[in-house]
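Working through the structure, step by step
Given next are the chains, with one letter for each unit.
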Amino acid sequence: MNTNQWMSILGLANRARKITSGEELTVKEIRARKAKLILLSADASANTTKKITDKCKSYEIPYKLVENRFLLGQAIGKEARVVVAVMDVGFAKKLGTLLD
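In this report, we go over the structure that sits alongside the text. (Residues numbered from 1 in each chain as written. Predicted model: local features only at pLDDT ≥ 70, side-chain atom pairs only at ≥ 80, totals over all residues. Heavy atoms only, no water.)

Some words on the pairing of strand S4 (residues 83-86)
- The two faces of S4 match: Val83 and Ala85 on one face and Val84 and Val86 on the other face are all buried.
- Where strand S1 (residues 19-21) lies against S4, 3 bridges are found, and the strand directions are antiparallel. By the bridge assignment, Ser21 is partnered in S4 with Val84.
- Sheet topology places strand S2 (residues 37-41) next to S4; 4 bridges connect them, and they run antiparallel. Bridge pairing in S4 places Ile38 opposite Ala85. (Buried < 20%, exposed > 50% of the residue type's maximum accessible area, 1.4 Å probe, protein only. Helix = DSSP H or I, 4+ residues; strand = E, 2+ residues; numbered from the N terminus. Pairing = 2+ DSSP bridges.)

So, in structure tokens, the structure goes:
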């Protein structure tokens, strides 16, 4: 996986205001079925990982794991982020392809 590629696409999605980050907001977007793809850091707590992956499965929203919370945060110009929801189909498809 090319780290720089997905990070720059996520950065673009962020500038286009097509993402939400943080556990609570992400769960809200999943429930509203607005999230098209969830990016979850591989170093998230077991609790958070279970909560997010369960939600994704019940609402049939795809999710991808990324190496760690620091890369996820860095990609969107924030502190460490454990989970990010991508709301745009185009960005979601591109990120999904890059993170496979």
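Back to the text.
Notes on unusual backbone geometry
- Phi is positive for Arg17, which is not a glycine, with a value near 55°.
- Tracing the sequence through the fold places Arg17 in the loop between helix H1 (3-15) and S1.
- Residue classification places Arg17 among the exposed residues on the basis of a relative accessible area of 74%.
- In this structure, Glu60 is a non-glycine residue whose phi angle is positive, near 55°.
- Within the element layout of this structure, Glu60 appears in the loop between helix H3 (46-58) and strand S3 (63-66).
- Given a relative accessible area of 73%, Glu60 falls into the exposed group.

Quick notes on H1
- Its 13 residues place the ends of H1 18 Å apart at the C-alpha level, agreeing with the 18 Å of an ideal helix rising 1.5 Å per residue.
- For H1, the secondary structure elements touched by its buried residues are S1, S2, S3, helix H4 (69-75), S4 and helix H5 (89-98).
- Where H1 ends, the next residue or the one after it, Arg17, has phi of about 55°, a positive value. (Expected span 1.5 Å × (residues − 1). Contact = heavy atoms within 4.5 Å.)

What to know about the pattern of salt bridges
- Scanning the model with the defined rule gives 5 salt bridges in all.
- Asp54 is the partner of Lys50 in a salt bridge, and the nearest nitrogen-oxygen pair spans 2.5 Å. A residue pair is termed a helical-turn pair when its members lie 3 or 4 positions apart in one helix, as Lys50 and Asp54 do in helix H3 at 4 residues.
- Of the charged contacts in the structure, one is a salt bridge between Lys64 and Asp100, with a shortest N-O distance of 2.3 Å. Of this pair, Lys64 sits in strand S3 while Asp100 sits in the segment after H5, placing them 36 residues apart in sequence.
- For Asp100, a relative accessible area of 71% corresponds to the exposed category.
- Connected through shared salt-bridge partners, Glu23, Glu24 and Lys51 make up one network. (Salt bridge = Lys/Arg side-chain N within 4 Å of Asp/Glu carboxyl O.)

Coordinates in, geometry out; function isn't part of it.
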